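Here's the letter readout for the chains.
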Amino acid sequence: MIKALGTYDFPSRSRQELYGDDILVHVLRGSSMFFCSAAAFRAPKAMKWSDFVGGMVMPFVTSDPDFDASKPLTWKLVDDDFDPDPDKSLEENGIRHKNTVTLIGA
Amino acid sequence: MTTNPTKPAAKKLSMQQRYSALTRDIDWTPSYVSEEEMYPHTSYEGIKIHDWSKWDDPFRLTVDAYYRYQAEKDKRLYAVLDGFAQGQGHLTLSDPAYLNAMKIFIGGVTPLEYQANRHFAYLSRHFNGPGPRFAALCQSVDEIRHAQTEIHTLSNYNKYYSGMHNFAKMHDRVWYLSVPKSYFDDALSAGPFEFLIAIGFSFEYLLTNLLFVPFMSGASFNGDLPTMTFGFSAQSDESRHMTLGLEAIKFLLEQDEANVPIVQEWVDKWFWRGYRVTAIIAMMLDYMLPRPVMSWKESFELYFEQQMLGGLFPDLAYYGIRPPAGVEQAIWEKDHLSHLVYNTFYQFSHAANITTSVPTQDHQQWLAAAYPDSFDAVYRPKWDKLEKMDAAGNRFFYPGLPQLCQVCQIPMVFPEHGQGDKICERHSDFNGEHFNFCSDHCKWIFDREPEKYVQAWMPVHQIYQGACGGPTIPDVLAWYGYAEGDSGEMVGNVDHVNWKKWHAQVDDSLAGREQMEASLAADGVGVKEAAK
């Protein structure tokens, strides 16, 4: 607990409601450090996982000329193995605001 | 005020008497209000002070001596600045790329001097004891002088080179400058004792040589006489600040045993906060000086491992203080830090107010010699790949925005301990919200005071909220106040082109003479006339 002179209660400056129907999602490449860090995306909660991968993740990772898009993609969500349903939304797949999904393999 | 001419002149006080009159003798015990009411900020942090008079100021400065001494130093500095400007001194720098280090300095460090001025002024009101109040007052005046002299020192370069014209706005807005800014904001928004440990001890004592010596020796090696002179001019102040920092921690530890665990937590926190800020110095030392001085690794070993771990902490152990948590990670990271950070700036150079390039082969040789355990194995192949992409017309810029650490605000680029090929990711949930961190130590800092860090102004999150000028990168860069030449690839940049043009003028004396004649003719003066 913070030590303060008075009541200390302030809202988060990155809270989800500030993004409307969207959330921030981080994408980390687990098997290469070519990209200096994971990327942050703003995406609708209702976006289908397959659209997220096709429209956001792929344009990002394929900017690395050594990325092999023919290999199967496997994922982690925060600390756990993750087997997303491509037709379900980010939210339905259990992805929360500012979570990190890690792309393993490829 | 009138004087009485019949009264014999008062006997002059000795220096020590004057110091005592200035500090102890103008202190009083309040009678209309309680001491608590007069100094309301010195009890809530839990620090117990029993005897403020035990604060020992080893310098015993008086106001008149202080100003006389500072005025002398200013006179010398401004003489150098004038001479350098009049003699086109900027053309004698090793290379215009050197000024990237100074762009970081004026955007990242100078505004902190000003913040330090403000906060030491606050301390000079709010400490109960007259000794620390006066010491804080002197430091406050030093800090404003440093801010001003740094701005004056670098303003000459601003006439010729990009990236410095808007430093105060950039400090408030630019993504990577949020790292030093949020570091200092964290200290300013802490209590007065924590600030003293954060800035007085950790910044000014523990890390000061790592922070300032690289800039000043870099200046000296690369022909930047003004910055070097500024450095000398600030040095005697800095040694006073170091002494104040050390006095502060010893005073707190000696006053009450209950202070020890509180101070230990602050030492742990502020070592790590400060160390993360020095990541940018590591990059500057290893990659941004055309004539390198020493590597980050060497610098860390000398100024931190030998001087602090070997010299200071055995003394502090007597008080029950151990070296900061996080030291082992910092020691392990010294082989990686600068390479990771410069790579980050290389990838985000389109959005920084500095320019970057793949290091030359000569420079890579120097890096390989300085980093035998990591450069050839891990980092040279990376640069080879980026160089190949550049040669093929595909200079790599990161296509998006990075994940940031909620505490240090640096893009999360740091590796797991002992695993140079794996990015470290940590997280915590607070009030149902997910937060990310670059390391165990940033996570620990967050978990200790999550209420504070949830308010962080995170550049990437703000851009995505639309709070930074608009949704596209050009919108954001315009909001940062960037102008042509402030960012991007170094080769072919405005500064690079101008530098070549100016040197061609200087080197080609005939052309120089023709130009001089033309210029004189334009003023209606013949060459022979001018020679008189």
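Residues numbered from 1 in each chain as written. Chains lettered and ligands numbered in written order. Predicted model: local features only at pLDDT ≥ 70, side-chain atom pairs only at ≥ 80, totals over all residues.

### Description of the overall build of chain B
Just so we agree on the cut-off: Helix numbers and strand numbers start at the N terminus; a helix is a DSSP run of H or I with at least 4 residues, a strand a run of E with at least 2. The globule rule used here is 2.2 Å times the number of residues to the 0.38 power, and the radius of gyration it is set against is calculated over C-alpha atoms.
A tally of regular secondary structure across chain B gives 24 helices and seven strands. Its C-alpha atoms give chain B a radius of gyration of 26 Å, near enough to 24 Å, the size a compact globule of 532 residues would have. Taking the principal axes of the C-alpha coordinates as reference, chain B spans close to 75 × 70 × 45 Å.

### Quick notes on the nonpolar core
Stated formally: Only buried residues count toward a nonpolar core: Ala, Val, Leu, Ile, Met, Phe, Trp, Tyr and Cys, linked into one set through C-beta atoms within 7 Å. Whether a residue is buried, exposed or partly exposed follows from its count of other C-beta atoms within 10 Å of its own C-beta, namely 20 or more, 12 or fewer, or something in between, respectively; the C-beta atoms are built from the backbone. Residue pairs are scored as contacts if the distance between their C-beta atoms, which are placed from the backbone, is within 7 Å.
In terms of nonpolar packing, the biggest core is built from 142 residues, with Val25(A), Ala101(B), Ile197(B), Ala198(B), Met283(B), Val341(B) and Cys405(B) touching the most fellow members. In contact with Ala101(B), other than residues within four places in its own chain, are Phe215(B), Gly218(B), Met284(B), Met288(B) and Leu289(B).

### Comments concerning the interface of chain B and chain A
For clarity, the cut-off: The nonpolar class holds Ala, Val, Leu, Ile, Met, Phe, Trp, Tyr, Cys and Pro. Asp, Glu, Lys and Arg form the charged class, and all remaining residues, Gly among them, are polar. Criterion used throughout: strands pair if DSSP finds at least two bridges between them.
Counting from both sides, the interface comprises 37 residues of chain B and, opposite them, 32 residues of chain A. The residue makeup of the side of chain B that touches chain A, split by class, is 18 nonpolar, twelve polar and seven charged. Strand direction decides the pairing type here: strand β2 (residues 39-44) of chain A and strand β2 (residues 401-402) of chain B, joined by two bridges, are antiparallel. Looking across to β2(B), one finds that Ala39(A) is bridged to Pro402(B).

### Points about the domain arrangement of chain B
Where we set the bar: What fixes the domain bounds is an automatic or database domain assignment.
The domain architecture assigned to chain B consists of domain 1 (38-491) and domain 2 (500-531). Between the C-alpha centres of domain 1 of chain B and domain 2 of chain B there is a distance of 44 Å.

### Focus on the environment of Gly485(B)
All names here are of chain B. Relative to the assigned elements, Gly485 resides in the loop between α21 (473-480) and β7 (488-489). Take Gly485: there are 17 C-beta atoms within 10 Å of it, and that puts it in the partly exposed class. The spatial distance from the C-alpha of Gly485 to the C-alpha of Tyr161 is 8.6 Å, given a sequence separation of 324 residues. Filtering out sequence-adjacent residues up to four positions away, Gly485 remains in contact with Ser162, Asn493, Val494 and Asp495.

### Focus on helix α1 (residues 49-61) of chain A
Taken as a whole, α1(A) has its buried residues at Trp49(A), Phe52(A), Val57(A) and Val61(A). Looking at the buried side of α1(A), the elements it contacts are β1 (22-29), β2 and β5 (99-104) of chain A.

### Considering the sheet that holds β1(A)
As a reminder of what qualifies: Each axis is a line fitted through C-alpha atoms, and for a helix only the stretch in contact is used; angles between axes span 0 to 180 degrees, taken between their N-to-C directions.
What the six strands build is an open sheet, ordered β4(A)-β3(A)-β5(A)-β1(A)-β2(A)-β2(B); its pairing is mixed. Of all the strands in the sheet, just β4 (80-82) of chain A together with β2 of chain B have a single pairing partner and so form its edges. Pairing between β1(A) and β5(A): five bridges, direction parallel. Considered in β5(A), the bridge of Arg29(A) is made with Leu103(A). Strands β1, β2 and β5 of chain A of the sheet are contacted by α1(A), whose axis makes an angle of about 160° with β2(A).

### Quick look at helix α7 (residues 178-188) of chain B
The element α7(B) is largely enclosed, with a buried count of nine among its eleven residues. Looking at the buried positions of α7(B), the neighbouring elements they touch are α4 (99-126), α6 (167-173), α8 (192-206), α11 (259-277) and α20 (459-465) of chain B.

### With respect to the environment of Met294(B)
Residues and elements named next belong to chain B. Within the fold, Met294 resides in the loop between α12 (279-288) and α13 (296-317). On the neighbour-count criterion, Met294 (20 C-beta atoms within 10 Å) is buried. Here the alpha-carbon distance between Met294 and Ala121, two residues 173 residues apart in the chain, equals 36 Å.

### Re the environment of Arg273(B)
Positionally, Arg273(B) belongs in helix α11. Excluding residues within four positions of it along the chain, Arg273(B) makes contact with Tyr183(B), Asp186(B) and Cys408(B).

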